[in-house]
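Architecture and fold: a report
Here are the chains, one letter per residue:
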Amino acid sequence: MPLRETNIVSGAQTKFGKLEGLTLREIFAEAVDKATVGAGIPKEDIQAAFIGTFIPEMLVHQGHTAPLLADYAGLRGLPATRHEAACASGATALRAGIMAIESGLYDTVLVAAAEKMTSVSTNRATEALAAAADDEFESSMGLTFPGVFAIAAVAHMQEYGTTEEDMALVAVKAHRNAAKNPLAQFQKEISLEKAMTPRYIAWPLKLFDCSPISDGAAAIVLTNNERAKQYTDTPVKIVGTGQASASMNLCDRTSLTSFEASVRASRIAYDMAGLTPKDMDFAVVHDCFTIAEIIASEDIGFFKPGEGAKAVREGVTALDGSKPINPMGGLKAVGHPVGATGVKQAVVLYRELIGEAGANQVPNHNTAIMHNFGGTGATCVVNIMRRADA
Amino acid sequence: MSERPTIEQYQQYIQDNDFHALKCKSCGAVIAPPKGMCYSCGGTDLEWTTVSGKGKLVSFTVIHIAAEEFQDETPYFVAIVELDEGTRITARLLGLDPTQPEKVKLGMPLKIDYETGKSGKVYIGFRPA
């Protein structure tokens, strides 16, 4: 049965990138202000805050972040709880918000997420990110995050004939879309030749196959049906939500060409919404690496296994294609402040669905799906959203 | 009395160049790396077992940018290997040229070996059989 009560009534993100001179709490507060008072929603109306951050302990030497961030953002006194699921931290915070509204416990809640990654060295950031993989059995052997997705890429190339050029085309598309997005880290188109520059990070993945290290925050306000119209004429309903887990280590996965948590979470979300992939006008998927977008587009049922690369080649997933994916530029070009990404994805769905995505507006925008992935794919959250008047 | 196998012992076997896997006493499934139970039958009574050391290459990568601890060892292979006993483990790939990854064939037969990293730590590895 579809979710009944959860409406998104505002959504905002900061610029993503290297936000020099700003600390985690300042970035967080900027997103919260834009999504509340900036959208005509008084902070006094917020009854609880669900907050996503991945690993501020290692990145900015700060734990117990939820009350700290809520306090700085002017929400002192509210129940504020942190949700952590590596790169899916934001979407797990969102699910907690959804459950709070659906249960009737609260009328209006804030879901917000942030990460500050550029204040440490690249090596330190790499080490922090590696904490999201299996330390005892994989990271300790020198396997990196790009390495995990490279292993999936090699398997996908072998099984389906996907090529390095197919992956590069995902990067070209991401940059083309992000070039029109003023909040993106990279507002610059790249050529296929440039995307193919053989600077290997983890063969066959090259520099342009990888999302960058970023700072940023995003926030949305959720409310029930009774309150939604107080805040906006165009609420967006969350009609289905799914979450699943899988083994942390790759060697325990039955398939390396598909991520089982993505398949499971998306099937749960579709079933709950009573909708199918055909009903989706567009998707926002977790393209931490280019191959991840190709596999996600198959796992969420947009394309058959092995046909994700063909869809990219034929322009099906372009902004003006029949199934746009990551219309604002994805993680690859907009940036990936890890804990913030899941909430940013919800902001993208909200803006696209209400028709306020500017130069990145997709033509059909009634119903869409977001896919947020944690770590090596050990967590996946999928949400399906629909304009309330659709 | 047999003690419950620990992860510490699993790692120690590798450091001693003497890889051991777990075996489910109920159904005989071979399990590595260790799990808290057997996913084949749900059994929780596990014991150490030796393996043939033979397997095949499932997939791999060559790491060029590593965490600081491993950067001096780059480029190096990390692979997923399926043992003849059925379980898959993550391991280094040895005896192949990491600058020519396109020459490595998935499915190729491998045999177990060990590699001592620059830190002195021993990695489980596989080389062409």
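On a predicted model such as this, the values are computed, not experimentally measured, just so you know. (Residues numbered from 1 in each chain as written. Chains lettered and ligands numbered in written order. Predicted model: local features only at pLDDT ≥ 70, side-chain atom pairs only at ≥ 80, totals over all residues. Heavy atoms only, no water.)

1. Focus on the overall build of chain B
Just so we agree on the cut-off: Where helices and strands are cited, they refer to DSSP runs of H or I of at least four residues and of E of at least two residues respectively, numbered from the N terminus. Radius of gyration: over C-alpha atoms. The globule rule applied is 2.2 Å multiplied by the number of residues raised to the 0.38 power. Only protein chains enter the area calculation, which uses a 1.4 Å probe; residues under 20% of their type maximum are buried, those over 50% are exposed, and those in between are partly exposed. All accessibility values rest on the Shrake-Rupley procedure with a 1.4 Å probe; residue burial counts only the protein chains present in the view. Think of it this way: Lys and Arg go in the positive column, Asp and Glu in the negative one, and His and the chain ends go nowhere. To locate a charge, take NZ of a lysine, CZ of an arginine, CG of an aspartate or CD of a glutamate.
When its secondary structure is counted, chain B shows two helices and eight strands. Mapped from its N terminus to its C terminus, chain B presents α and β elements in the order α-β-β-β-β-α-β-β-β-β. Relative to the globule expectation of 14 Å for 129 residues, the C-alpha radius of gyration of chain B, 16 Å, shows essentially globular dimensions. Dimensions of chain B, computed from C-alpha atoms along their principal axes, come out at roughly 50 × 30 × 20 Å. Put simply, chain B has 129 residues, and 47% of those count as buried. Working note: accessible area of chain B is about 6400 Å², and carbon and sulfur atoms make up 46% of it. Positive and negative charge centroids in chain B, built from 14 and 17 side chains respectively, lie 7 Å apart.

2. Points about the packing of helix H6 (residues 145–160) of chain A against helix H11 (residues 290–299) of chain A
Residue and element names in this part refer to chain A. As a reminder of what qualifies: Angles here are taken between N-to-C directions and fall from 0 to 180 degrees, while the axes themselves are lines fitted to C-alpha atoms, restricted in helices to the stretch in contact. For classification purposes, angles smaller than 35 degrees are called roughly parallel, those larger than 145 roughly antiparallel, those between 65 and 115 roughly perpendicular, and all remaining angles oblique. By definition, any crossing whose near helix is turned counterclockwise from its far helix by less than a right angle is left-handed, and any crossing with a clockwise turn is right-handed. By definition, residues are in contact when any of their heavy atoms lie within 4.5 Å. Nonpolar residues are Ala, Val, Leu, Ile, Met, Phe, Trp, Tyr, Cys and Pro. Charged residues are Asp, Glu, Lys and Arg, and all others, Gly as well, are polar.
Put simply, H6 and H11 touch, their axes get as near as 9 Å, and they point 60° apart. The angle between H6 and H11 falls in the class oblique. As for the relative orientation of H6 and H11, their crossing is left-handed in sense. Contact with H6, carried on its side by Phe 149, Ala 152, Ala 153 and His 156, involves Ile 291, Ala 292, Ile 294, Ile 295 and Glu 298 of H11 and no other residues of that element. Residue composition of the contact of H6 with H11, by class: seven nonpolar, one polar and one charged.

3. A word on helix H14 (residues 341–353) of chain A
Residue and element names in this part refer to chain A. The cut-off we apply is this: The span one expects for a helix is its residue count, reduced by one, times 1.5 Å.
The first and last C-alpha atoms of H14 sit 18 Å apart over 13 residues, in line with the 18 Å expected at 1.5 Å per residue. A large share of H14 lies buried, amounting to twelve of its 13 residues. Along H14, the residues that are buried comprise Thr 341, Gly 342, Val 343, Lys 344, Gln 345, Ala 346, Val 347, Val 348, Leu 349, Tyr 350, Glu 352 and Leu 353. Two residues or fewer past H14, Gly 355 is found with a positive phi of approximately 80°.

4. Quick notes on the sheet that holds strand S4 (residues 108–115) of chain A
All names here are of chain A. Stated precisely, the cut-off is as follows: In this scheme, strands are said to pair when DSSP sees at least two bridges between them.
Reading across from one edge, S3-S2-S4-S7-S1-S8-S11-S10-S9 is the order of the nine strands in this open sheet, with mixed pairing throughout. Whereas interior strands pair on both sides, the edge strands pair on one side only; in this sheet they are strand S3 (80–83) and strand S9 (282–284). Taken over all neighbouring pairs, the strand axes of this sheet differ in orientation by 25° on average, direction set aside. As judged from the four bridges shared by strand S2 (residues 49–52) and S4, these two strands associate in the parallel manner. Among the inter-strand pairings, Gly 52 is bridged to a residue of S4, identified as Ala 113. Docked against the sheet, helix H1 (residues 24–35) engages strand S1 (7–13), S2, S4 and strand S7 (216–223), running at close to 35° with respect to S7.

5. Concerning the packing of aromatic side chains
Quick reminder of the rule: To pair, rings of Phe, Tyr and Trp, with the six-membered ring standing in for Trp, must have centres within 6.5 Å; the planes then decide the type, stacked if under 30 degrees apart, edge-to-face if over 60, and tilted in the middle. Here, over-ring charges are defined by two tests on the NZ atom of lysine or the CZ atom of arginine: distance to the ring centre within 6 Å, and angle to the ring normal within 35 degrees.
In total, this model carries eleven aromatic pairs over all chains according to the counting rule given. Look at Phe 137 of chain A and Tyr 10 of chain B: their rings are 5.7 Å apart centre to centre, the planes differ by 85°, and that puts the pair in the edge-to-face class. Separated into two different chains, Phe 137 of chain A in the loop between helix H5 (122–130) and H6 and Tyr 10 of chain B in helix H1 (residues 7–15) make up a pair that spans both. On the accessibility criterion, Phe 137 of chain A (10% relative accessible area) is buried. Summarising the aromatic geometry, the rings of Phe 302 of chain A and Phe 303 of chain A are spaced 6.3 Å apart at their centres and angled 85° between planes, so their arrangement reads as edge-to-face. Note on accessibility: Phe 302 of chain A and Phe 303 of chain A belong to one class, buried. Among the aromatic residues, ring-to-ring pairing joins Phe 149, Phe 259, Phe 289 and Phe 373 of chain A into one connected group. Lying over the aromatic face of Phe 302 of chain A, Lys 323 of chain A brings its terminal NZ or CZ to 4.6 Å of the ring centre.

6. So, the interface of chain B and chain A
What counts is decided by this rule: Defined here as a combined quantity, buried area equals the accessible surface (1.4 Å probe) lost by two parts on assembly, summed across both. The term salt bridge refers to a pairing of a side-chain nitrogen on Lys or Arg with a carboxyl oxygen on Asp or Glu at a separation within 4 Å. Any pair of nitrogen or oxygen atoms within 3.5 Å is treated as a polar contact; in protein, a donor-acceptor pairing is required on top of that, and neighbouring residues in sequence qualify only through side-chain atoms on both sides.
At the junction of the two partners, chain B supplies 32 residues and chain A supplies 29 residues. The contact between chain B and chain A buries some 2500 Å² in all, and 64% of this surface belongs to carbon and sulfur atoms. Taken together, the links from chain B to chain A amount to one salt bridge. Lys 35 of chain B is paired through a salt bridge with Asp 252 of chain A; the nearest N and O atoms lie 3.0 Å apart. Put simply, chain B and chain A have twelve residue pairs in polar contact (both at pLDDT 80 or more) between them.

7. A look at the environment of Val 343 of chain A
All names here are of chain A. Position of Val 343 among the secondary structure elements: in helix H14. Among the residues examined, Val 343 registers a relative accessible area of 0% and is labelled buried. C-alpha of Val 343 to C-alpha of Ala 12: the two residues are 331 residues apart in sequence and 9.1 Å apart in space. Other than its neighbours up to four places away in sequence, Val 343 contacts Gly 90, Val 111, Ala 112, Ala 113, Ala 218, Ala 219 and Ile 220.

8. Digging into the side chain of Ser 266 of chain A
All names here are of chain A. Tracing the chain through its elements places Ser 266 in helix H10 (residues 260–273). By relative accessible area, which is 0% here, Ser 266 ends up buried. Of the polar contacts made by the side chain of Ser 266, one reaches the backbone oxygen of Asp 299; its length is 3.3 Å. For Ser 266, the contacting residues outside a window of four places in its chain are Asp 299, Ile 300 and Val 382.

9. Remarks on helix H4 (residues 89–102) of chain A
Residues and elements named next belong to chain A. Its 14 residues place the ends of H4 20 Å apart at the C-alpha level, agreeing with the 20 Å of an ideal helix rising 1.5 Å per residue. Of all 14 residues in H4, twelve are buried; the element is thus mostly enclosed. Three or more residues of H4 are buried, namely Ser 89, Gly 90, Ala 91, Thr 92, Ala 93, Leu 94, Arg 95, Ala 96, Gly 97, Ile 98, Ala 100 and Ile 101. Positive phi shows up at Gly 104, right after H4, with a value of about 85°.

10. Looking at the layout of surface pockets
Test applied: Buriedness for pockets is judged along seven lines, at least five of which must meet protein on both sides within 12 Å for an open set on the 1 Å grid over protein atoms alone, while cavities are sets there where a 1.4 Å probe fits but cannot get out, and lining residues have an atom within 4 Å of a point. Grid points are joined across faces, edges and corners, and a volume is the space filled by probe spheres set on the points.
The volume enclosed by the largest pocket comes to roughly 690 Å³. Lining the largest pocket are 31 residues, and of these Cys 210, Ser 211, Pro 212, Ile 213 and Phe 289 of chain A lie nearest its centre. Taken together, the residues that form the lining of the largest pocket break down as 20 nonpolar, eight polar and three charged. Volume-wise, the second largest pocket comes out at about 530 Å³. Taken together, 24 residues line the second largest pocket, and the ones lying closest to its centre are Asp 252, Arg 253 and Thr 254 of chain A together with Lys 35 and Tyr 39 of chain B. Elements that contribute at least two residues to the lining of the second largest pocket include exactly H10 of chain A together with strand S2 (30–31) of chain B. Partitioning the lining of the second largest pocket into residue classes produces ten nonpolar, six polar and eight charged.

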